[in-house]
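# Remarks on the overall topology
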Amino acid sequence: NIWRHRYVGAISAGIVAVSLFLFGVFMLLQMNLTAILDQVQNQCEINVYLAEDAGGSTLAQIETDLKAIDGVRSVRYRSKEERLEEVRRTMYQGKESMLDGLEDDNPLRDSYVLETEKTADSETVSEAARGVRGVSEVTNLLELEEKLQRISAASGKIGYTLLALFALAALFIMANTIRIAMAARSREIEIMRFVGASSGYICGPFVVEGILLGILGAMIAALLILCGYRAVLNALTELLQAELLHMVAMSRAAAAVIPAYLGLGAGIGALGSAAAVRKYLKV
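These lines cover the structure that appears in this document, whether it is placed above or below. (Residues numbered from 1 in each chain as written. Predicted model: local features only at pLDDT ≥ 70, side-chain atom pairs only at ≥ 80, totals over all residues. Heavy atoms only, no water.)

## Regarding the overall build of the chain
Here is the rule we go by: Under the DSSP-based scheme used, a helix requires at least four consecutive residues in state H or I and a strand at least two consecutive residues in state E, with every element numbered from the N terminus. Should any heavy atoms of two residues lie within 4.5 Å, those residues are considered in contact.
A count of helical and extended segments in the chain gives eight helices and four strands. The secondary structure elements of the chain, listed N-terminal to C-terminal, are α-β-α-β-α-β-α-β-α-α-α-α. Expressed as a percentage of contacts within the chain between residues at least 6 apart in sequence, the contacts between residues at least 24 apart total 85%.

Below, the structure written as structure tokens:
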């Protein structure tokens, strides 16, 4: 049946693939936002980046001024060489060769890491640190956390809404695909009814057909989303400044995506088939 109605079946598998692909984009976005939020929530740090030309201020003077800020518990200097080495050990573990050559043209900046006495002091300390001579930028992890939480909530709503809309479309097309297959075999089905075949015996193959089409669409979507995600991971070389962007590893993404896709694809196929064969089950 799948081969006989391959064009209609391809459309069914395609709409399943599109719906799951779009859902996967937001699913992986949620996973990465959650990973970053977990990291941010475990830190009470403020990153203070130094200007290339510190305006005549020495590192010792900048450090003294930062330590004098009320609410600062500790001040730790991190050179751009140290930060590059940390990125090599964390984000690019096993792919260190991608960073070869950056030692002579390091895009990162020297910085200080401030730890505050209390989380509530972060905003006040950040404002004071911005006023220190020689400081070019201050990033407050709590500010980042609030933004990430808003993005995470919005992406979750969008992702599930798109999944619901496209899943309904997939169910409709899947049901029509199975109806076409059943109509083409209506004479055969009628004969099976007369000789006493059960509803399950008659409709079972069509349900299996729907499940197979759903799984086919899920496999296509999984291949596309994982290939795309790998490309995004490889492109992170251009984002060395974003040290907080510790994205979920490829193996973990695949372990989450593949089972979810197969389950959703089979479920959509089964529901679409059940909707198509319901009238036959009443006979």
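## Observations concerning the sheet that holds strand β4 (residues 135–140)
Where strands meet in a sheet, backbone hydrogen bonds hold them as pairs that are either parallel or antiparallel. Rules: Strand pairing is assigned whenever DSSP identifies at least 2 bridges connecting the two strands. Here the axes come from fitting lines to C-alpha atoms, over the contacting stretch only for helices, and the angles between their N-to-C directions go from 0 to 180 degrees.
Taken in spatial order, the four strands make up an open sheet running β2-β3-β1-β4, and their pairing is antiparallel. Edge positions in the sheet fall to β2 (72–78) and β4, since each of these pairs with one other strand and no more. Ignoring which end each strand starts from, the neighbouring axes of this sheet average 20° apart. Judged from the five bridges that link them, strand β1 (residues 45–50) and β4 form a sheet pairing that is antiparallel. Paired with Asn47 across the strands is Thr139, a residue of β4. Contacts from helix α4 (residues 122–130) reach β1, β2, β3 (111–116) and β4, with the element oriented near 170° to β4.

## Regarding the side chain of Ser126
The test is simple: Only protein chains enter the accessibility calculation, which uses a 1.4 Å probe; a residue whose area is less than 20% of its type maximum is buried, one above 50% is exposed, and one in between is partly exposed.
Mapping Ser126 onto the fold places it in helix α4. Under the relative-accessibility criterion, Ser126 is labelled buried at 0%. Apart from the residues lying within four places of it in its own chain, the contact partners of Ser126 are Ile46, Val138 and Asn140.

## Looking at the environment of Asp121
Residue placement: Asp121 occurs in the loop between β3 and α4. On the basis of relative accessible area, Asp121 is assigned to the buried category, the value being 19%. For the pair Asp121 and Asp70, spaced 51 residues apart in sequence, the C-alpha to C-alpha distance is 8.6 Å. If near-sequence neighbours (up to four positions away) are discounted, Asp121 is found in contact with Gly71 and Thr116.

## Section: α4
Note the following rule: What the arc describes is the spread of directions from the helix axis to the C-beta atoms.
Turning to α4, its buried residues number three or more, namely Ser122, Val125, Ser126 and Ala129. The buried residues of α4 all sit within an arc of 105° when viewed along its axis, so they share a single face. Among the exposed residues of α4, those pointing more than 90 degrees away from its buried face are Glu123 and Thr124.

## Focus: helix α7 (residues 199–234)
Short version of the rule: To estimate the expected span of a helix, count its residues, drop one, and scale the result by 1.5 Å. The angle between axes fitted to the seven-residue stretch ending at a residue and the seven-residue stretch beginning at it gives the bend at that residue.
Given a rise of 1.5 Å per residue, 36 residues ought to cover 52 Å, and the 52 Å separating the end C-alpha atoms of α7 matches this to within 8%. At Pro205, α7 is bent by approximately 25°, the largest bend along its length.

## A few points about the nonpolar core
As a reminder of what qualifies: What makes a nonpolar core is a set of buried Ala, Val, Leu, Ile, Met, Phe, Trp, Tyr and Cys residues whose side-chain atoms join them at distances within 4.5 Å.
Counting 27 residues, the largest nonpolar core has Val16, Leu20, Leu28, Tyr229, Val257 and Tyr261 as the members making the most contacts within it. The contact partners of Leu20, leaving out residues within four places of it in the chain, are Leu163, Ala218, Ala221, Tyr261, Leu264 and Gly265. With 15 residues, the next largest nonpolar core counts Leu50, Ala129, Val132 and Val135 among its residues.

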